[in-house]
Amino acid sequence: MKGIIFTEFLDMVEQNFGYEMVDTLLNESELTSGGIYTSIGTYNHQEMVNLLVTLNMKTEIPISQLLRTFGLYLFQRFTKIYSHLIDKAPNAFAFLGSIHSYIHVEVRKLYPDAELPHFDIEQPNANTLVMHYSSIRSMGDLAYGLIEGAMKHYGETATITQELLQEDGSQIKFVIEK
Ligand code: HEM
């Protein structure tokens, strides 16, 4: 997992829970990197899981909720860092529909070793977008928060429902209805 995800995660923790919590997470989680991340570095995905588990133990907030909050935060950061990619889409569905065919393709050019999920997209009608998420990293809750963040960015409201297609969370169907 790319370092930028770790650095943004720790910034989110600092903003929401204070610097002491960042310190606690870095000291009490098992981190092979030693907890030193650079945005272009690549680290074991398990370190993110370990950080989330420690944050869950300290705050008693479910991991699913922590990941959603992080997704919402991360998207708002992406609008600053990758504005040139987001600006191309005129609305939320156009943007979300292009994640797999454009956004993550551009991300892969920047970071050839990025570990990205797969999305299959369907748009059954003008008000509904279906996103099939699949990834062995099972980070559907992060996707949920990122989708929420995208809707918010475009000033659109929608209900997001998710259906677990695999027990382990490696395949999820998101239905976004305006
Ligand atoms: C992972 C970039 C939008 C879903 C990532 C990673 C980057 C990235 C850098 C990490 C790769 C790694 O750690 O190796 C971006 C950018 C976006 C964007 C620049 C917008 C401009 C989205 C949106 C969604 C999404 C809107 C949800 C629909 C995910 C998920 C992962 C991920 C769930 C975690 C890895 C996994 O599940 O396997 N993305 N992303 N991304 N992205 Fe995106």
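Keep in mind that this is a model prediction, so the values were computed, not measured.

Analysis parameters
- Residues numbered from 1 in each chain as written.
- Predicted model: local features only at pLDDT ≥ 70, side-chain atom pairs only at ≥ 80, totals over all residues.
- Heavy atoms only, no water.
- Helix = DSSP H or I, 4+ residues; strand = E, 2+ residues; numbered from the N terminus.
- Buried < 20%, exposed > 50% of the residue type's maximum accessible area, 1.4 Å probe, protein only.
- Patch = residues over 30% accessible without salt bridge, like charges linked within 9 Å, V, L, I, M, F, W, Y side chains within 5 Å.
- Areas by Shrake-Rupley, 256 points an atom, 1.4 Å probe, with all protein chains shown as cover.
- Salt bridge = Lys/Arg side-chain N within 4 Å of Asp/Glu carboxyl O.
- Core = buried A, V, L, I, M, F, W, Y, C linked by side-chain atoms within 4.5 Å.
- Domains from an automatic or database assignment.
- Contact = heavy atoms within 4.5 Å.
- Buried area = accessible area lost by both parts, 1.4 Å probe.
- Polar contact = N/O pair within 3.5 Å; in protein donor to acceptor, adjacent residues only side chain to side chain.

**Some points on the side chain of Ser135**
Okay, step 1: Mapped onto the elements, Ser135 comes out in the loop between β2 (128-134) and α8 (140-153).
Okay, step 2: Overall, Ser135 belongs to the buried group, its relative accessible area being 8%.

**Some remarks on a nonpolar patch on the surface**
Okay, step 1: On the surface, Val53, Met57 and Ile63 cluster together into a nonpolar patch covering about 250 Å² of accessible area.
Okay, step 2: With respect to the secondary-structure elements, Ile63 resides in helix α4 (residues 63-81).
Okay, step 3: In this structure Ile63 comes out as partly exposed when scored by relative accessible area, which is 31%.

**Describing the nonpolar core**
Okay, step 1: Formed by 53 residues in total, the largest nonpolar core has its most connected members in Phe9, Phe95, Leu96, Met131, Phe174 and Ile176.
Okay, step 2: When residues of this core are sorted by domain, at least three fall in each of domain 1 (3-61) and domain 2 (67-177).
Okay, step 3: Among residues more than four places away in sequence, those in contact with Phe9 are Leu25, Met48, Leu51, Leu52, Leu55 and Phe70.

**Quick look at the domain arrangement of the chain**
Okay, step 1: Taken as a whole, the chain is organised into domain 1 (3-61) and domain 2 (67-177).
Okay, step 2: With centres defined by C-alpha atoms, the gap from domain 1 to domain 2 works out at 22 Å.
Okay, step 3: Listed as interface residues are 14 residues of domain 1 and, on the opposing side, 14 residues of domain 2.
Okay, step 4: The contact between domain 1 and domain 2 buries some 1200 Å² in all, and 70% of this surface belongs to carbon and sulfur atoms.
Okay, step 5: Applying the counting rule to domain 1 against domain 2 returns 1 salt bridge.
Okay, step 6: Summed over the shared surface of domain 1 and domain 2, the result is 2 residue pairs in polar contact (both at pLDDT 80 or more).
Okay, step 7: Secondary-structure elements contributing two or more residues to the side of domain 1 that touches domain 2 are α1 (3-17) and α3 (45-59).
Okay, step 8: With 8 residues, the single largest contributor to the side of domain 1 that touches domain 2 is α1.

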